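Structural overview
Here's the letter readout for the chains.
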Amino acid sequence: MKISGIGSSLPKKVVTNEMLAEILDTSDEWITTRTGIKERRVLSTEYVLDLAVDAAKKALDDAGMDPKDLDFVICANVVNEYVTPALSCIVKEKIGAKCPCVDLNGACVGFIYACDIAEAYYKIGRVKNVLVVCAEAPAHMLGWHDRTCAVLFGAGSGAAVLTPGDNILATRLTSSDGWDRLYEMHNLQWCPYDLKGPTNLPLVMHGQDVFKFATSTCVNDLKVVLQDAKITADDINTYFIHQANLRIIKYIEQMLGQPTEKFPTNIERYGNTSSASLPILLDEVKKAGGLKEGDLLAFSAFGAGLVSGAMIMKW
């Protein structure tokens, strides 16, 4: 398959580091030096569904495609306003599509997982046009009085329209043991953004351990797909790395021996938007004129599970 349309959507509400410093034992300097994040977007009047539908419509418009021509809708999502029906079912109805749909929870690797699943359907001739939507609001899992997690995440959605092609050169998906050493899941309950909100901590991350896992697995995944595609790191025009931490991205740059110009970022403005981070970044780079036909693109992400994935695609 190939990507024929891309779109993204973000909440209106901006939460800066200075705003968080008013309620947390933190500062703009503390957050920026450790993560590279300056601000993030959070839900206020919107819902995850609104972002998903908006990104989907933009991707369809970019592809010049009627939603009724879609054969499959895949939504990557960790948590939203509904347990059931699936987010993909509601998105499908809202955009006017008439096709099967499914949700997947691949954590922050959801975009790569969804593309890999779609590619499998293409290879057996089951589909022609597929819509992938990644819509996330990790704040639903956070305690906004925990500075180790509250400063990291933001909400957003990215979508891609896939059509027949031969543009996937290599894909790698992995799953590792040890999630309980990196993450702790406490009593999960609704945690909307509120400066005076709840103090419970549904999700706790062990930062240093996550950093070690992320850097080692991303570098290894990228080396494997480069070898599988029979190309070198120098052949890649642009690297799209999951926007979780700027220090992780810089480490990957160094380990691959590649210049910073090949690694676009938006983490400073949006924080970690989970599975939506890769398609949002791809949409921004495309709109800025940073892609041309024939470019080789490398994608890499990691997340709770523990899961990771990498993909090389020709644009």
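What you are looking at is a predicted structure, and each value in this text was computed from that prediction instead of being measured.

Let us now look at the pairing of strand β11 (residues 238-241). Going residue by residue along β11, you find T238 and F240 tucked away on one face and Y239 and I241 tucked away on the opposite face as well. Bridge count between β11 and strand β12 (residues 296-303): four bridges; the pairing is parallel. In the sheet register, T238 faces β12, and the bridge partner there is L297.

The buried fraction of helix α11 (residues 277-287) is high, at eight of eleven residues. Residues of α11 that are buried: S277, L278, P279, I280, L281, L282, D283 and V285. At the exit of α11 stands G289, carrying a positive phi of roughly 80°.

Turning our attention to the confidence of the model for the protein chain. Confidence in the prediction for the protein chain averages 91 pLDDT; 91% of positions are at 70 or higher. Every residue in residues 187-193 scores below 50 in pLDDT, and together they form 23 contacts with partners more than four places removed in sequence or on other chains. Note on residues 195-199: pLDDT under 50 across the span, and nine contacts to partners over four residues away in sequence or across chains.

A few words on the sheet that holds strand β6 (residues 130-136). Spatial ordering of the open sheet is given by β1-β7-β6-β4-β5, a layout of five strands whose pairing is mixed. Of all the strands in the sheet, just β1 (2-9) and β5 (101-104) have a single pairing partner and so form its edges. Neighbour to neighbour, the strand axes of the sheet diverge by 15° on average, direction disregarded. Contacting β1, β4 (72-76), β5, β6 and β7 (156-163), helix α5 (residues 110-123) crosses the sheet at an angle of about 160° to β4.

Cut-offs used in this document
Residues numbered from 1 in each chain as written. Predicted model: local features only at pLDDT ≥ 70, side-chain atom pairs only at ≥ 80, totals over all residues. Heavy atoms only, no water. Buried < 20%, exposed > 50% of the residue type's maximum accessible area, 1.4 Å probe, protein only. Helix = DSSP H or I, 4+ residues; strand = E, 2+ residues; numbered from the N terminus. Pairing = 2+ DSSP bridges. pLDDT = per-residue confidence, 0-100. Contact = heavy atoms within 4.5 Å. Axes fitted to C-alpha atoms, helices over the stretch in contact; angles between N-to-C directions.

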